[in-house]
Amino acid sequence: MLKKGSKLYSVLHNKCPRCQEGDFFQSSASLTFKNNLKIHEKCSSCGLKYMIEPSFFYGAMYVSYALTVAMAVAVFVICYLIGLELIPAFIAIVIILVVSNPFVMRISRLLYINMFVHFQKKKIK
Ligand SMILES: [Zn+2]
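Residues numbered from 1 in each chain as written. Predicted model: local features only at pLDDT ≥ 70, side-chain atom pairs only at ≥ 80, totals over all residues.

What follows concerns the overall build of the protein chain. Looking only at helices and strands, the protein chain has three helices and zero strands in total. When its helices and strands are written in sequence order, the protein chain yields α-α-α. Along the three orthogonal principal directions, the C-alpha set of the protein chain runs to about 55 × 30 × 20 Å. Taken over 125 residues, the protein chain has a buried fraction of 18%. Of all intrachain contacts in the protein chain linking residues separated by at least 6 positions in sequence, the fraction that spans at least 24 positions is 60%. (Helix = DSSP H or I, 4+ residues; strand = E, 2+ residues; numbered from the N terminus. Buried ≥ 20, exposed ≤ 12 C-beta atoms within 10 Å, placed from the backbone. Contact = placed C-beta atoms within 7 Å.)

A few words on the packing of helix H2 (residues 60–81) against helix H3 (residues 86–116). Axis separation between H2 and H3 bottoms out at 8 Å; the angle between their running directions is 145 degrees. Read as a crossing pair, H2 and H3 show a hand that is right-handed. (Axes fitted to C-alpha atoms, helices over the stretch in contact; angles between N-to-C directions. Left-handed = near helix turned anticlockwise from the far one by under 90°.)

Glancing now at the confidence of the model for the protein chain. Summing up the model confidence of the protein chain, the mean pLDDT is 91 and the portion of residues at 70 or higher is 95%. Per-residue pLDDT, averaged within each element of the protein chain, yields its smallest value for helix H1 (residues 7–12) (92) and its largest for H2 (97). (pLDDT = per-residue confidence, 0-100.)

Burial of nonpolar side chains together is a common tendency in soluble globular proteins. In this structure, Val11, Cys16, Cys19, Phe24, Cys43, Leu48, Tyr50, Ala60, Val63, Leu110, Tyr112 and Ile113 together form the largest nonpolar core, which totals 12 residues. Those elements that provide at least two residues to this core are H2 and H3. (Core = buried A, V, L, I, M, F, W, Y, C linked by C-beta atoms within 7 Å.)

Quick look at H2 now. The α-helix advances 3.6 residues per turn, and as a result positions three or four apart in sequence lie on the same side. Here H2 is 22 residues long and its end C-alpha atoms lie 31 Å apart, about the 32 Å a rise of 1.5 Å per residue gives. Here H2 has its buried residues at Ala60, Val63 and Val75. Down the axis of H2, the sector holding all buried residues measures 95 degrees, keeping them to one side. Across from the buried face of H2, at angles greater than 90 degrees, the exposed residues are Tyr62, Tyr65, Ala66, Val69, Val73, Val77 and Tyr80. Buried residues in H2 make contact with H3. At the C-terminal side of H2, glycine 83 shows a positive phi close to 85 degrees. (Expected span 1.5 Å × (residues − 1). Arc of directions from axis to C-beta.)

Next comes the structure, spelled out in structure tokens:
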């Protein structure tokens, strides 16, 4: 369904944004925070240095913020449509955001690096 070459492929499959072959994160997604955000220093396939500049991934905070607000609004609308009161809807939003936080942080880093690095078919190394 998702073909290699699209940015969504890189984001959803935890792959290098340039060659889409090497892994981006060292481990697969999990609810534990311990190794969740550890990225490889560079791509094992094309050699792309993931930390483009010092503190590069601070910018991913803004992506994470946008995703979190979008999810909170979506959960609120769903709660409103099924007729939940304000306090239970707020509790549902908090639970959804806390549980999804490790995944949102990973996805926002991948989205952020995909904004700056584009797919290249040819091998760079
Ligand atoms: Zn690569």
